[in-house]
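In case you want the letters, here they are:
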Amino acid sequence: MKGVPMESIGTFILDQVLKMQWLSELIAALLGALGIDAAGQWGGTLHFFIYDTVKIVILLCVLVFAISYIQSHFPPERSRKIMGRFKGIWGNVVGALLGTVTPFCSCSSIPLFIGFTRAGLPLGVTFSFLISSPMVDLGSLVLIMSIFVPGVAVAYTVVGLLIAIAGGTVIQRMGMEEHLADFVRGDAPADAELLSMTVAERLAYARRETWGTFRKVFPYILLGVGIGAFIHNWIPAEWIELVLGDGNPFAVVLATLVGAPIYADTFGAIPIAEALYYKGTGLGTVLAFMMSVTTLSIPSLTMLSRVIKPKLMVTFVGLCIVGMCISGYVFNFLQPLF
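Residues numbered from 1 in each chain as written. Predicted model: local features only at pLDDT ≥ 70, side-chain atom pairs only at ≥ 80, totals over all residues. Heavy atoms only, no water.

1. Details of the nonpolar core
Turning to step 1, where the next piece is worked out: Within the largest apolar cluster, 70 residues are counted, with the highest numbers of intra-cluster contacts made by Phe127, Ile308 and Phe316.
Turning to step 2, where the next piece is worked out: The element best represented in this core is helix α9 (residues 150-173), accounting for nine residues.
Turning to step 3, where the next piece is worked out: Residues in contact with Phe127, not counting those within four places in the same chain, are Phe113, Gly168, Ile171, Ile308, Leu312 and Phe316. (Core = buried A, V, L, I, M, F, W, Y, C linked by side-chain atoms within 4.5 Å. Buried < 20%, exposed > 50% of the residue type's maximum accessible area, 1.4 Å probe, protein only. Helix = DSSP H or I, 4+ residues; strand = E, 2+ residues; numbered from the N terminus. Contact = heavy atoms within 4.5 Å.)

2. Structural notes on the confidence of the model for the protein chain
Turning to step 1, where the next piece is worked out: Looking at the protein chain as a whole, the pLDDT averages 78, with 74% of positions reaching at least 70.
Turning to step 2, where the next piece is worked out: This model gives residues 187-194 a pLDDT under 50, and the stretch forms eleven contacts once residues within four places in sequence are excluded. (pLDDT = per-residue confidence, 0-100.)

3. With respect to the packing of helix α5 (residues 89-99) against helix α7 (residues 123-135)
Turning to step 1, where the next piece is worked out: Where α5 contacts α7, the axes come no closer than 7 Å and their chain directions differ by 30 degrees. With respect to α7, the axis of α5 lies roughly parallel. Relative to α7, the crossing made by α5 is right-handed. Taken together, the residues of α7 that come into contact with α5 (itself represented by Gly91, Asn92, Gly95, Ala96, Leu98 and Gly99) are Gly124, Val125, Ser128, Phe129, Ser132 and Ser133.
Turning to step 2, where the next piece is worked out: Of the residues that constitute the contact of α5 with α7, the class distribution is four nonpolar, eight polar and no charged. (Axes fitted to C-alpha atoms, helices over the stretch in contact; angles between N-to-C directions. Parallel < 35°, antiparallel > 145°, perpendicular 65-115°, else oblique. Left-handed = near helix turned anticlockwise from the far one by under 90°. Nonpolar A, V, L, I, M, F, W, Y, C, P; charged D, E, K, R; others polar.)

4. Some points on the packing of aromatic side chains
Turning to step 1, where the next piece is worked out: Following the criterion strictly, the structure yields four aromatic pairs and no others.
Turning to step 2, where the next piece is worked out: Judged by centre distance (5.4 Å) and plane angle (70 degrees), the rings of Tyr277 and Tyr278 are edge-to-face.
Turning to step 3, where the next piece is worked out: A relative accessible area of 25% means that Tyr277 is categorised as partly exposed.
Turning to step 4, where the next piece is worked out: Three or more aromatic residues joined by ring pairs make a cluster, and in this case those are Trp211, Phe214 and Phe218. (Phe/Tyr/Trp six-rings, centres within 6.5 Å; stacked < 30°, edge-to-face > 60°.)

5. Things to note about a nonpolar patch on the surface
Turning to step 1, where the next piece is worked out: Taken together, Trp22, Leu26, Leu30, Val54, Ile58 and Val62 make up a surface patch of nonpolar side chains, about 520 Å² in accessible area.
Turning to step 2, where the next piece is worked out: When residues of the nonpolar patch are traced back to their parent elements, those giving at least two are α2 (21-33) and α3 (41-71).
Turning to step 3, where the next piece is worked out: Following the sequence through the fold, Trp22 ends up in helix α2.
Turning to step 4, where the next piece is worked out: Here Trp22 falls in the partly exposed class, since its relative accessible area comes to 40%. (Patch = residues over 30% accessible without salt bridge, like charges linked within 9 Å, V, L, I, M, F, W, Y side chains within 5 Å. Areas by Shrake-Rupley, 256 points an atom, 1.4 Å probe, with all protein chains shown as cover. Salt bridge = Lys/Arg side-chain N within 4 Å of Asp/Glu carboxyl O.)

6. Side note on the side chain of Asp52
Turning to step 1, where the next piece is worked out: Tracing the chain through its elements places Asp52 in helix α3.
Turning to step 2, where the next piece is worked out: Buried charge without a partner: Asp52 forms no salt bridge, and the closest opposite charge is Lys55, 4.2 Å away.
Turning to step 3, where the next piece is worked out: Residues in contact with Asp52, not counting those within four places in the same chain, are Val225, Pro271 and Glu274. (Lys, Arg positive; Asp, Glu negative; His and termini not counted.)

7. Some words on the side chain of Thr169
Turning to step 1, where the next piece is worked out: On the secondary structure map, Thr169 appears in helix α9.
Turning to step 2, where the next piece is worked out: Here the side chain of Thr169 touches Ile165 through a polar contact of 2.7 Å, landing on its backbone oxygen.
Turning to step 3, where the next piece is worked out: Excluding anything up to four places from it in sequence, Thr169 contacts Ile89 and Asn92. (Polar contact = N/O pair within 3.5 Å; in protein donor to acceptor, adjacent residues only side chain to side chain.)

8. Side note on the packing of α7 against α9
Turning to step 1, where the next piece is worked out: Between α7 and α9, the shortest axis-to-axis distance is 7 Å and the interhelical angle comes to 155 degrees. As far as their axial angle goes, α9 and α7 are roughly antiparallel. Handedness of the crossing formed by α7 with α9: right-handed. Contact residues: Leu123, Gly124, Val125, Phe127, Ser128, Ile131, Ser132 and Met135 in α7; Tyr156, Gly160, Leu161, Ile163, Ala164, Ile165, Gly167, Gly168, Ile171 and Gln172 in α9.

Laid out in structure tokens, this is it:
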């Protein structure tokens, strides 16, 4: 727009579109009309819960719809053909990038991982996809922008991709194909003819995927927001600082290990991360926690244990934890720059 500084446009998009400050102000006003002080402890808890739930649901539906429409152009058969053209580390790069446009839940990535592996793609490429898919996606990029500055979201995405590429490359060089379950190493199924869909069919597909994802994810959004609201308004900042603050040299490791058993995707992890951050937890500690929650949940590892053997499982989990911890310490060190 003529005469309007680009910085002002960027600030408006960040504050009003991504962070939805208008929604925060609206909810505070509605609570005030009901005689509830949004600045009080109970009122603040209620405001946090309603605001974050509505904000995340709006972002969830918009993002899943858009990404599902894009995915309708890239069914597994086409994705396998595209990935098969790239060799060496470039295959890992493409596998990691493909993970950014796949479903948010780590469990949802495992069937595609099996399909890619059975199709004969290098094991390292499929693991780059498996690491990237839940950890780094378009949804996480936008959601992190809604809490932190855009630079943090971009840096998180780049680091997540680097962990996926490095992890897949190491697994490939270790030659661990024999540690796959026998059924995964079977003959690749014949390529099916790609489905030709009209625009209307793609829109209908996107609507179905949005509704299906919403139903699956919504309980975890409520759980994540509830935990976040509790941390934000009821746990003293001094406690958080003592356990996960800069004074604890093992805060990043602790956050990574604590996050691993929790089952949540980006939408469930964001409210907890937000609450921890505003209580004084280091940026890197918070991001390491998010990576761990989204990538190493117990349900996804349980599913994966049916597909890969223990040695490969330990290698996969170990590489992820090491990468997350390193990135956490790096982000904490660089936090003054953001």
